[in-house]
Protein chains: 2
Amino acid sequence: MRVRIPILKLNDCLLVSIQWELDDQTALQFQEDLLHKIHETSANGVVIDLTSIDFIDSFIAKVLGDVINMSKLMGAKVVITGIQPAVAITLIELGIGLDDVLTALDLEKGLEKLQQELGE
Amino acid sequence: MRVRIPILKLNDCLLVSIQWELDDQTALQFQEDLLHKIHETSANGVVIDLTSIDFIDSFIAKVLGDVINMSKLMGAKVVITGIQPAVAITLIELGIGLDDVLTALDLEKGLEKLQQELGE
């Protein structure tokens, strides 16, 4: 069975919760799926929840950085929630550009923040 | 990699979107994960979205019926959303008791319905 990460649509936002460590293939599949879903649903925002992830390797970090930038190119605001210390360290050390990415503590707060931003 | 279905927590509800056909092992793992998550988060409600599922076999139907009844036993209201024709037929033909389960067209409406119910 091919592993894919479900992407939930809630109003004009997409929700993704990554709850288990991704292998490279799953991460690339997720990237493709998310971009398709943004296109298909005309979503204005995406919340990616990493609460359960306590470690990412450099490949996954790069895919994550890429998917954020790609989503922005497609016009969707991205909020990343629940970044744990080790994940933050990896992202910064690798210079993954999360410059103007919104972050929040958890999914609820992320969704709130996104809806505020979109409402403005 | 063991396949598990992510369970998202949003306020006092849990959201699950099943987007690919489950194999038996994944379905049982999901049942266990969901019940644990209800316990862990003290969730009052669960929305299970089946929009992308156009067919279920009898084993999965039984697991689904079981997990709904188990969640109710644990005090969580369950809303099933996006049941497609073939899935409805399988559930009814197998006599899976979805008697007092709430249903809705999609995730948004399911969550709305759940929050109404919980608000009452």
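Residues numbered from 1 in each chain as written. Chains lettered and ligands numbered in written order. Predicted model: local features only at pLDDT ≥ 70, side-chain atom pairs only at ≥ 80, totals over all residues. Heavy atoms only, no water.

As named in an unreviewed UniProt entry, chain A is RsbT antagonist protein RsbS, taken from Cytobacillus oceanisediminis.

Engineer: Is there a simple way to explain the sheet that holds strand E3 (residues 45-49) of chain B in this structure?
Structural biologist: Residues and elements named next belong to chain B. One open sheet holds the 5 strands; their spatial order is E1-E2-E3-E4-E5, and the pairing between them is mixed. For this open sheet the edge positions go to strand E1 (8-10) and strand E5 (102-104), each flanked by a neighbour on one side alone. For this sheet, the mean inter-axis angle between neighbouring strands, taken without regard to orientation, is 25 degrees. Here 3 bridges tie strand E4 (residues 77-81) to E5, and the two strands are oriented parallel to one another. When the bridges of E5 are listed, Ile 80 appears paired with Thr 103. Against the sheet, helix H4 (residues 107-119) touches E1, strand E2 (13-17), E3, E4 and E5, its axis set at about 160 degrees to E3. (Pairing = 2+ DSSP bridges. Helix = DSSP H or I, 4+ residues; strand = E, 2+ residues; numbered from the N terminus. Axes fitted to C-alpha atoms, helices over the stretch in contact; angles between N-to-C directions. Contact = heavy atoms within 4.5 Å.)

Engineer: Even after reading the chapter, I still don't get helix H2 (residues 58-73) of chain A, so can you show me in this structure?
Structural biologist: Along an α-helix, residues three or four apart share an orientation, since each turn contains 3.6 residues. All names here are of chain A. With 16 residues, H2 extends 23 Å between its outermost C-alpha atoms, agreeing within 8% with the 22 Å of an ideal straight helix rising 1.5 Å per residue. For H2, the full list of buried residues reads Ile 60, Ala 61, Val 63, Leu 64, Gly 65, Val 67, Ile 68 and Ser 71. Residue Asp 57 occupies the N-cap position of H2, its side-chain oxygen lying 3.1 Å from the main-chain nitrogen of Phe 59. Positive phi appears at Gly 75, one or two residues downstream of H2, with a value of about 95 degrees. (Expected span 1.5 Å × (residues − 1). Buried < 20%, exposed > 50% of the residue type's maximum accessible area, 1.4 Å probe, protein only. Polar contact = N/O pair within 3.5 Å; in protein donor to acceptor, adjacent residues only side chain to side chain.)

Engineer: Got a minute to help me understand the relation of the copies chain B and chain A in this structure?
Structural biologist: Here the two chain copies are tied together by a rotation about an axis and a shift along that axis. For the pair chain B and chain A, the best superposition has an RMSD of 0.0 Å and corresponds to a rotation of 180 degrees with a translation of 0.0 Å parallel to the axis. The symmetry that links the two subunits is that of a two-fold axis. Residue B:Val3 of chain B places its C-alpha closer to the rotation axis than any other residue of that unit, at 3.2 Å. (Least-squares fit on C-alpha atoms with pLDDT ≥ 70 in both.)

Engineer: Mind showing me how you'd approach the environment of A:Ile38 here?
Structural biologist: All names here are of chain A. Tracing the backbone shows Ile 38 in helix H1 (residues 24-41). Residue Ile 38 is classed as buried on the basis of its relative accessible area, which comes to 3%. Residues in contact with Ile 38, not counting those within four places in the same chain, are Leu 14, Ala 43, Val 46, Ser 71, Met 74 and Ala 76.

Engineer: Could you clarify how one ought to interpret unusual backbone geometry in this entry?
Structural biologist: Backbone geometry follows two general trends: most residues other than glycine have a negative phi, and most peptide bonds adopt the trans configuration. A positive phi angle, close to 50 degrees, is found at A:Ser42, a residue other than glycine. If you trace the backbone, A:Ser42 turns up in the loop between H1 and strand E3 (45-49). Looking at A:Ser42, the relative accessible area reads 54%, which means it is exposed. For B:Asn11, which is not glycine, the phi torsion reads 55 degrees and is therefore positive. With respect to the helices, strands and loops of the structure, B:Asn11 is situated in the loop between E1 and E2. With relative accessibility at 43%, the residue B:Asn11 sits in the partly exposed group.

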